[in-house]
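Close look at the chain arrangement
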Amino acid sequence: MLLLKRFQKQEVHRRYRVYRAAFALYSAVFFVCFLIGIVFATAIALTADGVDASYNFALHWSSRVQGGFWGFALYGFGALLPYFFAFVIFGITVYGPLVSLISAALCAFNAGSYVRVLIGHLYLYRAPFPVAYYVLGLLPIAFAVLVCASFSTAAALRIFTPKRKDSAERAQVFGGTLFCAPYFEGTLNLRFLGGYSLCFFGLLVLLFAFCIAQSAMVLML
């Protein structure tokens, strides 16, 4: 029994090795770009343009908070949709890994800049808790974004990596009956597109749920 469990674990690791490698890479890129965004926003804040930016952000944050629970969540969700659609659209093209990398980096940079300006804004009002709740709510959102990026990369590599004779369908992340459709070889793989769409739809629902959770935390409902 122990040998069987070990064998299954090895099979899972082998099957998802591309996904796990992509997730590790994008996580590192996300963290670095998040810090760069904080540094960039800090440098801008020390300039004359930073004063205007801080004033505009104060109006933005006030309107976002006054928008209520759903308004706050929908704004955050809408800001993430361009990245999500980039993952979906380019995940079935040869540009999937590159677009996923760029999208994850831009998302992290914008998130870091947003958090830095939010800290400066709420510091004036001595309100540290909304910042802490916003950052805590940002963690699962970042996780969902990284999952989408990794999934998109794994799909693109699965489609455009030349097949090897010694590779089995069950040993690949997009193998098995859901994605593998031998009768559609060289044409439109309907099973793949169906499974691909269902997976991304589930990730979209998960991302929206995390935005709702962040809204509840920040507004302390």
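Residues numbered from 1 in each chain as written. Predicted model: local features only at pLDDT ≥ 70, side-chain atom pairs only at ≥ 80, totals over all residues. Heavy atoms only, no water.

This part takes up helix H2 (residues 17-45). Given a rise of 1.5 Å per residue, 29 residues ought to cover 42 Å, and the 42 Å separating the end C-alpha atoms of H2 matches this to within 8%. Those residues of H2 not exposed but buried are Ala22, Tyr26, Val29, Phe30, Cys33, Phe34, Gly37 and Ala41. (Helix = DSSP H or I, 4+ residues; strand = E, 2+ residues; numbered from the N terminus. Expected span 1.5 Å × (residues − 1). Buried < 20%, exposed > 50% of the residue type's maximum accessible area, 1.4 Å probe, protein only.)

Now for the nonpolar core. Trp61, Leu80, Tyr134 and Phe200 are the most contacted members of the largest nonpolar core, which has 42 residues in total. Taken together, the elements giving at least two residues each to this core come down to H2, helix H3 (48-66), helix H4 (68-90), helix H5 (96-124), helix H6 (128-160) and helix H7 (190-218). Looking at this core element by element, the count peaks at 13 residues for H6. Those residues within four positions of Leu80 in sequence are excluded, and the remaining contacts are Cys107, Ile141, Val145, Leu207 and Cys211. (Core = buried A, V, L, I, M, F, W, Y, C linked by side-chain atoms within 4.5 Å. Contact = heavy atoms within 4.5 Å.)

Here the focus is the packing of aromatic side chains. In total, this model carries 16 aromatic pairs according to the counting rule given. With 5.8 Å between their ring centres and 70° between their planes, Phe23 and Phe143 make a pair best called edge-to-face. Of the two residues, Phe23 sits in helix H2 while Phe143 sits in helix H6, which places them 120 residues apart along the sequence. Of the residues examined, Phe23 reaches a relative accessible area of 22% and is grouped as partly exposed. Aromatic side chains Tyr114 and Tyr134 sit 5.5 Å apart centroid to centroid with 25° between the ring planes, which places their arrangement in the stacked category. Of this pair, Tyr114 sits in helix H5 while Tyr134 sits in helix H6, and the two are 20 residues apart along the sequence. Of the two residues examined, Tyr114 and Tyr134, each falls in the buried class. Each residue in the set Phe57, Trp61, Phe72, Tyr114 and Tyr134 is aromatic and connected to the rest through ring pairs, giving one cluster. The ring of Phe72 has Arg64 sitting right over it, with the charged end atom 3.9 Å from the ring centre. (Phe/Tyr/Trp six-rings, centres within 6.5 Å; stacked < 30°, edge-to-face > 60°. Lys NZ or Arg CZ within 6 Å of the ring centre and 35° of its normal.)

This part is about the side chain of Gln214. As for its placement among the helices and strands, Gln214 is situated in helix H7. In terms of polar contacts, Gln214 uses its side chain to reach the backbone carbonyl oxygen of Tyr134, at 3.0 Å. The contact partners of Gln214, leaving out residues within four places of it in the chain, are Arg64, Phe72, Tyr134, Gly137, Leu138 and Ile141. (Polar contact = N/O pair within 3.5 Å; in protein donor to acceptor, adjacent residues only side chain to side chain.)

Side chains of Phe85, Ile89, Phe90, Ile92, Val94, Tyr95, Ile159 and Phe160 sit close together on the surface and give an oily, nonpolar patch of about 750 Å² of accessible area. When residues of the nonpolar patch are traced back to their parent elements, those giving at least two are H4 and H6. With 3 residues, H4 is the single largest residue contributor to the nonpolar patch. Tracing the sequence through the fold places Phe90 in helix H4. Judged by its relative accessible area of 32%, Phe90 is partly exposed. (Patch = residues over 30% accessible without salt bridge, like charges linked within 9 Å, V, L, I, M, F, W, Y side chains within 5 Å. Areas by Shrake-Rupley, 256 points an atom, 1.4 Å probe, with all protein chains shown as cover. Salt bridge = Lys/Arg side-chain N within 4 Å of Asp/Glu carboxyl O.)

A residue-level look at the chain finds 76% of positions with pLDDT of 70 or above and a mean pLDDT of 81. Below a pLDDT of 50 lies the segment residues 175-179, which in the model reaches 16 contacts outside its immediate sequence neighbourhood of four places, other chains included. (pLDDT = per-residue confidence, 0-100.)

The full count for this structure, using the stated rule, is 0 disulfides. Free of any disulfide, Cys107 has its nearest neighbouring cysteine sulfur in Cys211, separated by 10.0 Å. Given the relative accessible area of 7%, Cys107 is considered buried. (Disulfide = S-S within 2.5 Å.)

So, on to the environment of Phe129. By secondary structure assignment, the location of Phe129 is in helix H6. Relative accessible area serves as the criterion here: at 54%, Phe129 is assigned to the exposed category. Separated by 88 residues in the primary sequence, Phe129 and Met217 place their C-alpha atoms 9.6 Å from one another.

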